[in-house]
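# Chains, contacts and geometry: an overview
So the chains spell out like this:
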Amino acid sequence: HIIGAESFGVSTQKEMLEKIAALGLPMQGAERLCTNISEINSYLDEWETKRFEHPIDTDGVVVKLNRLALREALGVTAKAPKWAIAFKFPPEEKLTQLRNIEVTVGRTGALTPTAVFDPVHLAGTVVRRAGLHNQDEIDRMDVRIGDFIWVHKAGEIIPEVGRVELSKRPQDARPFRLPAECPVCGSAAVRLPGEAAVKCTNSACPAQLKERIIYFASRQAMDISGLGERIIDQLVEKRLIRDYADIYALKEEAIAGLDRLAEKSARNLISAIEKSKSRPLGAVINALGISNVGEKTANDLAERYRSLRALEKISRESERELELADGVGPVLAQSLHAWFSEPHNEGLLARLEAAGVNFVSNEPKAERGSMPWNGLKFVLTGELSSMTRAQAGERIRALGGETLESVSKKTSFVVVGEAPGGKYAKARKLGVPTLNEEEFLKKLNDAEENNSPATEVMK
Ligand SMILES: [Zn+2]
């Protein structure tokens, strides 16, 4: 696609592609101008098989209206243009042999079975493993170790076992049952009534602990760069950390003693840990690992309560009160109540607070007036390559700006990433200024330089 194609004297999709090719850009060379529906249908049928011979992995076909003037007339919906439509091919399936079913233990203690099979090339990558969800799923498919299985990628991304090829079942194929003990700590693993998952009953199980800490340190939570899986494994195994609050008691000497960790990385890790203490409240709530509380919910809670202690107080009082007071759904209310009532978690919070982790919303309304982007309204569309939209939003808000979902005349800037949606078209129509990623980053960096937050000044 060429943005603003008309200004290059281009009036159709066909001309647009010719123009791009004339500029010397590589083309996929599969486009065709169809003049009626039956031509479109036969094109789709043809490519359903021909796609495997095409040098580029494809998951479907996009049909676009050729004349740009007609596109303008048709317009866009809130989510997508009305003049283009995507047709997905059925997922590519490959037959392979199941060699083993491995069991791992997740953050919630759930024993998760994973199919391990002979490698197959699927939708652009080599695939060797696929999640099998739970025992019910295994029983439903009657999948046995040694079976030949058909695998595909759901949404062209996540490998899945589709079905068993019963006609090829070997004599010695073995049925599989999830173990009754946790493969990591050996504690009893049980399936509670009404749940699909078999779970390890040991709340101090190292597998769960590792997963919880990985989540705690992740980008959408405390964002501790350098605290990766390999380091966490060692910290847990050497008993340097028994829960995530222990992260804040780590000493540089102890970390520097870990395998394959240079002195410099140890120092960087300590400073990343230090820096994480001033993460926004929403990120801190997310990091706690309360069930049913993900990134979005955590940010909502942060905005509503503005302090972790305030959230704790109302959550502990009673589930019902939380529901009545704030229209929080019953499942979330129950999760919050259970988590904040657990004595062990009370201790965790106290230690996080004592370590200096931020427990309050750091967007004091009173200070907004002096912030560089106070009063500016941003709308983000398309993908940015240097950060997620959530991260961009966080940085905009830290400067006093607002992020909004839809474009209006009051919008100050529309930030346009890769593959922008209808918001871009709307911005152009309303004459709202747009920023590409480079322009946005420059503006952002300049503003951030002029806006050293109080915490930085204190250091
Ligand atoms: Zn366990």
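Refer to the preceding data block for the structure.
Residues numbered from 1 in each chain as written. Predicted model: local features only at pLDDT ≥ 70, side-chain atom pairs only at ≥ 80, totals over all residues. Heavy atoms only, no water.

### Thoughts on the overall build of the protein
How we decide: Helix and strand definitions here come from DSSP, where helices need a minimum of 4 consecutive H or I residues and strands a minimum of 2 consecutive E residues; each element is numbered from the N-terminal end. Think of it in three bands: with a 1.4 Å probe and only protein chains considered, a residue is buried below 20% of the maximum accessible area for its type, exposed above 50%, and partly exposed in between. Methods summary: accessible areas were calculated by the Shrake-Rupley approach with a probe of 1.4 Å, and residue burial reflects only the protein chains presented. Under this rule, positive means Lys or Arg and negative means Asp or Glu; His and the chain ends count for nothing. Here the site of a charge means atom NZ of a Lys, CZ of an Arg, CG of an Asp or CD of a Glu.
On a plain count of helices and strands, the protein comes out with 18 helices and 13 strands. In terms of overall dimensions, the protein has C-alpha extents of about 75 × 70 × 50 Å along its principal axes. Looking at the protein as a whole, 37% of its 459 residues qualify as buried. Approximately 26,000 Å² of the protein is accessible, and the part contributed by carbon and sulfur atoms is 52%. Taken as two groups, the 63 positive and 65 negative side-chain charges of the protein have centres that lie 2 Å from each other.

### Some details on the environment of Leu166
If you trace the backbone, Leu166 turns up in the loop between β7 (158–164) and β8 (189–191). On a C-alpha basis, the gap between Leu166 and Phe148 in space is 7.6 Å, while along the polypeptide they are 18 residues apart.

### Focus: the coordination of the zinc ion
As a reminder of what qualifies: Coordination partners: N, O, S within 2.8 Å of the metal, 3.2 Å for Na, K and Ca; water not considered, so apparent gaps in a site are possible. A four-donor site is called tetrahedral if each angle lies between 85 and 135 degrees; a four-donor site is square planar, and a six-donor site octahedral, when trans pairs exceed 155 degrees and the remaining angles lie between 65 and 115; all other cases are labelled irregular.
The protein atoms donating to the zinc ion are Cys182 (SG), Cys185 (SG), Cys200 (SG) and Cys205 (SG), with metal-donor distances spanning 2.2 to 2.4 Å. For the zinc ion, the four donor atoms in the first shell make angles of 98 to 117° at the metal, a pattern classed as tetrahedral. Each donor residue of the zinc ion lies on one chain, and together they are spaced C-x2-C-x14-C-x4-C. With Cys185 in the loop between β7 and β8 and Cys200 in strand β9 (residues 198–200), this residue pair connects regions lying 15 residues apart in the sequence. Taking relative accessible area as the criterion, Cys185 reaches 29% and is therefore assigned partly exposed. Judged by its relative accessible area of 7%, Cys200 falls in the buried class.

### Some remarks on the packing of aromatic side chains
Note the following rule: What counts as a ring pair is set by centres within 6.5 Å for rings of Phe, Tyr and Trp (its six-membered ring), and what kind of pair is set by the plane angle: stacked under 30 degrees, edge-to-face over 60, tilted for all other angles. For a Lys NZ or an Arg CZ to count as sitting over a ring, it must be within 6 Å of the ring centre and within 35 degrees of the ring normal.
Overall, the coordinates contain seven aromatic pairs when judged by the stated rule. Between the aromatic rings of Tyr43 and Trp47, the centroid separation amounts to 6.2 Å while the plane-to-plane angle is 45°, which identifies the pairing as tilted. Note that Tyr43 and Trp47 are positioned in helix α2 (residues 37–50) at a spacing of four residues, about one turn of the helix. Under the relative-accessibility criterion, Tyr43 is labelled buried at 11%. Ring plane angle 65° and centroid distance 6.4 Å describe the contact between Phe378 and Phe440, whose orientation is recorded as edge-to-face. Taken as a pair, Phe378 in strand β10 (residues 377–381) and Phe440 in helix α17 (residues 437–449) lie far apart in primary sequence, 62 residues in all. Comparing Phe378 with Phe440 shows no difference in burial state: the two are buried. The ring of Phe148 has Lys168 sitting right over it, with the charged end atom 5.0 Å from the ring centre.

### With respect to α2
Since the α-helix advances by 3.6 residues per turn, residues separated by three or four positions end up pointing in the same direction. To keep it simple, the criterion reads: In a helix, the anticipated span is given by 1.5 Å times the number of residues less one. Within this analysis, the arc is defined by the directions that extend from the helix axis to the C-beta atoms. Any two residues whose heavy atoms approach within 4.5 Å are treated as being in contact.
Taking 1.5 Å per residue, 14 residues should reach 20 Å; α2 reaches 20 Å between its end C-alpha atoms and fits that length. Buried within α2 are the following residues: Tyr43, Leu44 and Trp47. Across the axial projection of α2, the buried residues extend over an arc of 100°, all falling on one side. What points out from α2, more than 90 degrees from its buried face, is the exposed set Ser38, Asp45 and Thr49. Lining the buried residues of α2 we find β1 (60–64) and β2 (84–88).

Any link to function would need more than the numbers given here.
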